[in-house]
Each structure stands twice: as structure tokens, then as C-alpha cells.
Number of protein chains: 2
Amino acid sequence: MLDCAIIGGGPAGLTAGLYTTRGGLKNVVMFEMGMPGGQITQSSEIENYPGFYQHGKTGMDFMNTWQEQCFAFGLKHEMKKVERVSKEQEHFIVTFEDGNSVKAKTVIVGTGSTPKRTGIKGEDEFWGKGVSTCATCDGFFYKNQEVAVLGGGDTALEEAHYLSNICSKVYLIHRRDKFRAAPSTVERVKKIDNIELITDTIIEEIEGDMMGVTGVRLKNLKTGEKSNLKVSGIFIFVGHNVNNSVLKDENGNFICDMSDWGQVIVDLNMKTSLKGLYATGDMRIEAPKQVVSAAGDGAVAALQVISYLQEEG
Amino acid sequence: MLDCAIIGGGPAGLTAGLYTTRGGLKNVVMFEMGMPGGQITQSSEIENYPGFYQHGKTGMDFMNTWQEQCFAFGLKHEMKKVERVSKEQEHFIVTFEDGNSVKAKTVIVGTGSTPKRTGIKGEDEFWGKGVSTCATCDGFFYKNQEVAVLGGGDTALEEAHYLSNICSKVYLIHRRDKFRAAPSTVERVKKIDNIELITDTIIEEIEGDMMGVTGVRLKNLKTGEKSNLKVSGIFIFVGHNVNNSVLKDENGNFICDMSDWGQVIVDLNMKTSLKGLYATGDMRIEAPKQVVSAAGDGAVAALQVISYLQEEG
């Protein structure tokens, strides 16, 4: 019986591992199929994680020290894919894809979310080299430069607004002429001098060179006209998939309360509606999708697990 | 008119400064009378801040890089003591001790909390060198060693329990024979093999040498008997003062909703009950009192400030 099963090996899961083991829990396993580190390992430069500030260091560099530290206190890592988590009486059962399972007194889940890709030519090639899905993370790297934003929902428009404070020009590209975003948001964004709306238009290809993105090839769906746009960054906001499938039971029902968007509902202590189950990082409601916040969640959940085990015995 | 006034220069305030300025806000000032960095600068070693893992590095070393980074994007620091924050129509007024004031569109407050000191001889001398007020932070430095805990409330007993998972022996010293802690907590702690309760007893002096604490001199209040206890660490849990005075108006009433313990009530976005005012770090409800969590709060509050300013104009 594990003291704590941690599902997911991003910043939240690793920090939960650090805090549970450093807090004296002996039997803690983090289940992560790939290399620990999460989405951040794909970043070409990190400069907004407080305390980590070395020009040119990549997300992978960053995660090397981080991992060493998180494993230093006894956290174990198993490369297993978790199929689902269930609760029986007072303990949890973590079932793996291969059908095996393990019991755990508590579970911290931090499986993140995955930005949807569009399938546009060049998107994969320049992912993290000019193609971004996070204005907060990467906007500053395009200070006083021209960028494009793709999407027509609230997130796309709000992130375009965010980028307009940093970049010299923001082209907002949307395939329709109507926006799904709230009308007040659309009105607000239309009034911003350095945002130009390009509607009824799709991106046919993202172009670039060894240094990254150099531009996008556009096509107007109404006129059929094609054009090129020189930009050094393209921010894609076509939605995220919350990686919540491990919280579904065999009938497809969630084992704890979820928001309408598939995020786990938690309180300030990262407690879910199911006792002994904690959710952290990008998969929870109101997630700011920042490494430092996910790490903070992991620490909080770990301290809650320790208290819970003290009380429940 | 400031875009954002940040009050307090600990991990939360600095991170809020990093995220607001890197997010494009031009006019952000952090008000902190002392050196930025907060309580952590008093720590002799840091090993639980994810990503910062260099043996022997002190809290001060740690905060040097951190500060450089947080000021790199345009955050200004003013060494002024804030007397109070008030709201007039749509903006805030930050009033300083010298009677001057400044207007701000938004305010992020992160003034922390201050552990109460007992006044015991040796406490100040060995503060951070064997005298601690945080088991989560420092417990691991006493792995397989004997430590003492001072206090009789819930926190003291819970932290003694936490330490019992790490240390070889925990002496719980309390001046009375009854505990203020919940009866269930007392019963639970009494059952733990490596916790010894020493009641009706005070610490007369904390002793040590160049390397730190070596023991405590005890006095039994009922028998008058004196004794020595060899321990390498002493954890003091006699309460915290939440530094919330800047949130009181001229009549002594709080400008936002507070808990019974004087902590600011916030939601997952660090929003207080007063629009445009955010609270972060150790002064908010459910604060885990960890650097990484305070930093996470600062990032969240900063992103909320940016959204708020986008919406309100």
C-alpha cells in the first residue's frame, strides 16, 4: 500500500513528490510514462520562473536540476501509464493500462492539459520555435515585434490583448467574420490600435528558417485570395484538452466533481470532492498554466496529504 | 496613477512584480521598507524550492538571483512604509507613514506574517541556526536527530507529528499539563512512539555553539526542578502575527473580508472581496507558508491584475 500515488510528472507532480518525501513519507511513487518535466521541457527559454534566471537556458536544462532535487528525498518513479483511479472503502486503487494495479492511501493527480494542434503545415516543425500556445509564457520574447494570433474565442482575444501591451503589432486571424468571444471582449479588442483583425481567413502554412518562424501564408475563404504575413511568432488558441481520463470510472463517470470544461474542482488546499484525492496544476479549475503556480499546487497538495495521513492514521 | 501597487517585497510581491511588468504593465511599484526577499533571507539553507538545489546555498544567495530577475522587466522598488490602502470610486489610494500617498488602479498585498518570539534567552542568537518556526521548511535538516518542539496548540502538536516522521526523537515541551489543541490531536500525538511529552515545563535558555543549537535548559514549573536536554533543533510554535494592518481604514475596520484569525479571505485567483485588490502569500487564508506557494500566488494575482485592467480599461 503506497502512502501516496502521484499521477503525472510535470512541475506539480514532481513538487508533490519532493514535499511528501522530504516530509517523511516513505512510500511515494510518481507514475509518468515519459520523461518527468511536463510541457515545460519543450520550451526553448525560461525566464519567468522566479529564481531561475540564466539567459539562454532551455526548459530541459531547467528540469534537470529540478528532477535531481525532487528525487533526492526518496521519491520513486515508475514508467507506467495509469488507466484509472478508483476508491474502495478507505483506500484508492490505481489501475494501469496493462491491467495491473496498486493500492494507495492518497492520490495526487497532476496530468495537465494538452493544447490542441491545428494540423497546419509547419506547426509541428516550429512548435516552441515561434509557435506558442501561451502568451504569458512567451509573449515577452517578441517584445516590439510583430506576431499573429490564431483563434476566435475568449482566450484568443484576451491573449491578443495581452500581447498588444508587449508587441509592436498583433494580427488576429480568424476563419469566420463572427467571434465566439463575448461581445464586450470583441469590442474592447477592436479599439486597440496595434491589433488588426483579419477575418474569414485561415493559415495555410507556417514558414520559417533555422532561427524559427518568419511568417504565415494566409488564404481568405470568401475571396480565395492568398497573401503572406511577416511575423516572428504565431500564438495558437484553438483550445486545450484537459487530461482527466484517469478520473473516469469504468462507466465513464468522473469520481470527483468537475467543471463544465472538464477541469477538476478544488479548493485552496487542492482538495477535490473525494476525500484523499487532490488535483494540481493545469487540470484544475482556474489554473493559471504557469510552472510556478503548478509547483505551488504540488507543495500544497503534499502538505495536505501528510496532514490527512496523520489524521486518518 | 500606478497600474499596480505591490505592497510587500517577499516571494509573493517580487513574483507579482515579475509577472505584471513582463506582461507589459509600465507603471508598477513595489513598496517594501527593507531589503526585498522576505523571511526566507534569514534561512541558512534552502532545499525545498523546486529548481534551486545547490548544497549550502543560503536564503540570501537564493534571493539575489530572484531579485535580479524580478527587477529585470521594469518593476520599481520604493523603500516606503505603507500605512494603509483605501479605495475611492474606481481607484486605490496607498498612504505612507510619512503622510504622502499615491493612486493606483490595482493593489496586490503580500505583507506576510511574523512568527511570534518567546523572548527566551538564546532565541535571537540562534534564530535560523537551530531555532525554527517551520517544520516543513527545516525538519529535514534534523533527519535522524533529536529535536524539541515548544507549544501546546494545534500547530505545535501537528508539527511535532510531522517531525516524528523525520527525526529520531521529538520532545514536546509545554508550560501547562493541558493542551489547547483538539483532544483528538492530543490523543493521536500521545500514541506516537518517538514523541515524548514534557508538560508543566518551560525553556529557560537555548544553548549552542558556533555550529548552532546544542540543547535547551528546562525548568519544571510544578517541582521547580531544572534539567538539560540535548537537541540540535528547537521548533517554536507560539503563534504568528498576520501583517494585515495596511488593510485597516482610519477607524480600524478592514477594507475587505478577513478570517477570524486576521487572514485575508481569497479565492483561487487571489481575489479579495474588494474589486481590484488581491492578497498573496502568508497573509491569506489557508496559506501553506512555503516560498514556492507564495510565488505561485504572486503570479496568479499579477495575471488577474492584467485581466482586470484589460476589462476595466
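Residues numbered from 1 in each chain as written. Chains lettered and ligands numbered in written order. Predicted model: local features only at pLDDT ≥ 70, side-chain atom pairs only at ≥ 80, totals over all residues. Heavy atoms only, no water.

### Considering the sheet that holds strand β11 (residues 169–173) of chain B
Residues and elements named next belong to chain B. Across the sheet, 5 strands lie side by side as β9-β16-β10-β11-β12; this open sheet has parallel pairing. The open sheet terminates on both sides in strands that have one partner only, identified here as β9 (131–132) and β12 (195–198). Examined bridge by bridge, β11 and β12 share 4 bridges and lie parallel to one another. Its bridge partner being in β12, L172 is matched across the sheet by L197. Relative to β11, helix α4 (residues 154–164) is tilted by about 170°, and along the sheet it contacts β10 (146–150), β11, β12 and β16 (233–236). (Pairing = 2+ DSSP bridges. Helix = DSSP H or I, 4+ residues; strand = E, 2+ residues; numbered from the N terminus. Contact = heavy atoms within 4.5 Å. Axes fitted to C-alpha atoms, helices over the stretch in contact; angles between N-to-C directions.)

### Here's the deal with the nonpolar core
Ranked by internal contacts, the top residues of the largest apolar core, which has 165 residues, are Y49 of chain A together with Y49 of chain B. Residues contacting Y49 of chain B, with those up to four places away along its chain left out, are Y49, P50, Q69 and V292 of chain A together with F62, W66, V291, V292 and A295 of chain B. (Core = buried A, V, L, I, M, F, W, Y, C linked by side-chain atoms within 4.5 Å. Buried < 20%, exposed > 50% of the residue type's maximum accessible area, 1.4 Å probe, protein only.)

### Remarks on the interface of chain B and chain A
In this complex, chain B contributes 50 residues to the contact, which on the side of chain A involves 50 residues. Overall, the association of chain B and chain A removes approximately 4500 Å² of surface from exposure, summing both partners, and the carbon and sulfur fraction of that is 58%. The largest share of the area that chain B buries against chain A comes from R22, L268 and Q310 of chain B, three residues that together contribute 19% of it. If you look at where chain B meets chain A, you find 2 salt bridges. Residue R22 of chain A pairs with E47 of chain B through a salt bridge whose shortest N-O separation is 2.9 Å. If you look at where chain B meets chain A, you find 26 residue pairs in polar contact (both at pLDDT 80 or more). For the side of chain B that touches chain A, the secondary-structure elements that each account for two or more residues are α1 (11–22), α2 (59–71), α3 (135–138), α4 and α6 (291–312) of chain B. With 10 residues, the single largest contributor to the side of chain B that touches chain A is α6 of chain B. Each residue belonging to the side of chain B that touches chain A can be placed in one class, and the counts come to 25 nonpolar, 15 polar and 10 charged. (Buried area = accessible area lost by both parts, 1.4 Å probe. Salt bridge = Lys/Arg side-chain N within 4 Å of Asp/Glu carboxyl O. Polar contact = N/O pair within 3.5 Å; in protein donor to acceptor, adjacent residues only side chain to side chain. Nonpolar A, V, L, I, M, F, W, Y, C, P; charged D, E, K, R; others polar.)

### Digging into helix α6 (residues 291–312) of chain A
Over its 22 residues, α6 of chain A extends 31 Å from the first C-alpha to the last, a length consistent with the 32 Å expected when each residue adds 1.5 Å. Taking burial as the measure, the 22 residues of α6 of chain A include 19 buried ones, the bulk of the element. (Expected span 1.5 Å × (residues − 1).)

### Some points on the relation of the copies chain B and chain A
With an RMSD of 0.0 Å, the operation that places chain B on chain A is a rotation of 180° combined with a shift of 0.0 Å along the axis. Read as a symmetry element, the transformation amounts to a two-fold axis. Interface overlap between copies: 100% of the residues of chain B at the interface are likewise at the interface in chain A, consistent with a symmetric, same-surface contact. (Least-squares fit on C-alpha atoms with pLDDT ≥ 70 in both.)

### Remarks on the state of the cysteines
This structure, assessed with the given rule, holds 2 disulfides over all chains. In this model C134 of chain A forms its disulfide with C137 of chain A; the gap between the sulfur atoms is 2.2 Å. Residues C134 of chain A and C137 of chain A share a disulfide whose torsion about the S-S bond is about 70°; that sign makes it right-handed. Among the cysteines around C70 of chain B, which has no disulfide bond, C4 of chain B carries the closest sulfur, lying 13 Å off. (Disulfide = S-S within 2.5 Å.)

### Quick notes on the side chain of R22 of chain B
For R22 of chain B, the location among the structural elements is in helix α1. One polar contact links R22 of chain B to E47 of chain A, side chain to side chain, over a distance of 2.9 Å. Residues in contact with R22 of chain B, not counting those within four places in the same chain, are E47, N48, T136, C137, F140, F141, Y162 and I166 of chain A together with F73 of chain B.

### Brief notes about unusual backbone geometry
Trans peptide bonds make up most of the peptide bonds, and negative phi angles are found at most residues other than glycine. Residues and elements named next belong to chain A. Phi angles above zero are rare outside glycine, and N144 is one such case at about 60°. Within the secondary structure, N144 is located in the loop between α3 (135–138) and β10 (146–150). Judged by relative accessible area, N144 falls into the exposed class, the value being 58%.

### Comments concerning the side chain of T133 of chain B
Residue and element names in this part refer to chain B. Tracing the backbone shows T133 in the loop between β9 and α3. Overall, T133 belongs to the buried group, its relative accessible area being 16%. Excluding its chain neighbours within four sequence positions, the residues that come into contact with T133 are P115, W127, I236 and F237.

### Here we look at the domain arrangement of chain A
How big an interface is tends to be stated in terms of the accessible area lost upon association of its parts. Residue and element names in this part refer to chain A. In terms of domain boundaries, chain A breaks down into domain 1 (4–115 + 240–312) and domain 2 (131–236). Of the residues lining the interface, 6 residues belong to domain 1; the matching set on domain 2 comes to 6 residues. Approximately 490 Å² of surface area, both sides summed, lies buried where domain 1 meets domain 2, with 56% of it carried by carbon and sulfur atoms. Its largest share of buried area at the contact with domain 2, domain 1 owes to E45, E47 and Q290, together 58% of the area lost on that side. Inspection of the region where domain 1 meets domain 2 yields 0 salt bridges. Counted by class, the side of domain 1 that touches domain 2 contains 1 nonpolar, 2 polar and 3 charged residues. (Domains from an automatic or database assignment.)

### Some words on the sheet that holds strand β1 (residues 4–7) of chain A
All names here are of chain A. The parallel open sheet is built from 5 strands, whose spatial order is β3-β2-β1-β7-β18. Two strands lie at the open edges of the sheet, namely β3 (76–78) and β18 (277–279), each paired on one side alone. Strand-to-strand twist across the sheet, computed as the mean angle between neighbouring axes with direction ignored, equals 20°. Where strand β2 (residues 28–31) meets β3, 3 bridges bridge the pair, whose relative direction is parallel. Residue pairing in the sheet places F31 in a bridge with E78 of β3. Of the strands in this sheet, β1, β2 and β7 (107–109) are in contact with helix α1 (residues 11–22), which crosses β1 at around 160°.

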